[in-house]
Amino acid sequence: SSSSGDEALRDKRARILSRGLPKQKPIEGVKQVVVVASGKGGVGKSTTAVNIALALAANDLTKEVGLLDADIYGPSIPKMMNLKGNPELTPKNLMRPLKNYGIACMSMGFLIEETAPVVWRGLMVMSAVEKLLRQVDWGQLDYLVIDMPPGTGDVQLSVSQNIPIAGAVIVSTPQDVALLDARKGAEMFRKVHVPVLGLVQNMSVFQCPKCKHETHIFGADGVRDLAKTLGLDILGDVPLHVSIRETCDSGQPVVISQPQSDAAKAYLKIAMEISKRLPVPPA
């Protein structure tokens, strides 16, 4: 029948495609990799990645956490984590991550001038990603959180196909335009067999600091509806709060600088949900 013929053709195509894929190789010393992604820019993905990394460490003080900024064109981790300078090299010629708040960090931002644009074509970007993944001495990490660039392009595919990823977290605002792209992001991870741990609804509600009136600036519960459609979990809601933006801009993320705030508690809850959903790493 034509349907079984189509299926055979699809299987053959998948086999041919998989031959060309790089073999996944773990990052030395890293037990579990969690990627934080979004379909589009401007939804607070880097802010979420930074605060999730800090929250994973705060929730369990025995865990070592690293943070990799895979956004080659717009690295923001150095500013948010209040880090400057060039990484030192080990005797094996590996880069040593820079450390703050107990989190080991690596970013393209440490390797170029702060104001210099990265004007590169695809192959150079892929080579840079490969260096950030393979030529860093992470020591021993329980979690490596990777802040992905927005979208579903070369970098996302390269990272997903090069290293085993324990799970992906998709960040979106409840706005329709953002949700369309978040859906594409979730579907991309499914295609490359990366488990999606769940969605984070960011900038979910704004509370007026004077009268405490709550406004859903980007719409209400759009991410919840998308999660239902995709059969995924909601890991948590993060409010639209000026302190989240201010603390990241000043290099003192809210989980560290205001641990008792509602915003910090939202990130700590999300980190707890992530660690619950991750597979038990090999001993």
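Residues numbered from 1 in each chain as written. Predicted model: local features only at pLDDT ≥ 70, side-chain atom pairs only at ≥ 80, totals over all residues. Heavy atoms only, no water.

Looking at an unreviewed UniProt entry, the protein carries the name Iron-sulfur cluster transfer protein NUBPL, with the source organism given as Illadopsis cleaveri. According to the UniProt record, the Cofactor (unreviewed entry) comment for the protein is "[4Fe-4S] cluster". Annotation of the protein in UniProt includes, under Sequence similarities (unreviewed entry), the sentence "Belongs to the Mrp/NBP35 ATP-binding proteins family." (UniProt positions renumbered as here; feature names shortened; annotations may be inferred.)

**Student:** I would appreciate a short explanation of the overall build of the protein in the present structure.
**Tutor:** In terms of regular secondary structure, the protein is built from ten helices and ten strands. In the protein, buried positions account for 48% of the 283 residues. Of the contacts made within the protein by residues no fewer than 6 positions apart, 76% connect residues no fewer than 24 positions apart. (Helix = DSSP H or I, 4+ residues; strand = E, 2+ residues; numbered from the N terminus. Buried < 20%, exposed > 50% of the residue type's maximum accessible area, 1.4 Å probe, protein only. Contact = heavy atoms within 4.5 Å.)

**Student:** It is not clear to me how the nonpolar core should be interpreted in this structure. Could you clarify?
**Tutor:** If you look at soluble globular proteins, the nonpolar side chains tend to sit buried side by side. Trp 138, Ile 146 and Phe 189 are the most contacted members of the largest nonpolar core, which has 80 residues in total. Not counting chain neighbours up to four residues away, the residues in contact with Phe 189 comprise Val 35, Ala 37, Met 148, Ser 160, Ala 168, Ile 170, Val 194 and Val 196. (Core = buried A, V, L, I, M, F, W, Y, C linked by side-chain atoms within 4.5 Å.)

**Student:** Mind showing me how you'd approach the pairing of strand β1 (residues 30-37) here?
**Tutor:** Remember that side chains alternate between the two faces of the sheet whenever the strand is regular. Counting buried residues along β1, seven of its eight residues qualify, which places the element largely inside the surrounding structure. With six bridges connecting them, β1 and strand β5 (residues 141-147) associate as parallel partners. When the sheet's bridge partners are listed, Val 34 is paired in β5 with Val 145. Bridging between β1 and strand β6 (residues 167-172) involves four bridges; their strand directions are parallel. (Pairing = 2+ DSSP bridges.)

**Student:** Honestly, unusual backbone geometry in this entry has me stumped. Any pointers?
**Tutor:** If a residue is not glycine, its phi is most likely negative; likewise, a peptide bond is most likely trans. The backbone of Asn 93 sits at a positive phi, close to 70°, despite the residue not being glycine. By the element assignment, Asn 93 lies in the loop between α3 (77-80) and β3 (98-100). Positive phi is not limited to glycine here, since His 193 has a value of about 60°. Residue position: His 193 is located in the loop between α6 (176-191) and β7 (196-202).

**Student:** Where do I start with helix α10 (residues 262-277) in this structure?
**Tutor:** Because each turn of an α-helix spans 3.6 residues, side chains separated by three or four positions end up pointing in the same direction. An ideal rise of 1.5 Å per residue puts 22 Å on 16 residues; α10 measures up with 23 Å between its terminal C-alpha atoms. Taken together, the buried positions of α10 are Ala 263, Ala 264, Ala 266, Tyr 267, Ile 270, Ala 271, Glu 273 and Ile 274. (Expected span 1.5 Å × (residues − 1).)

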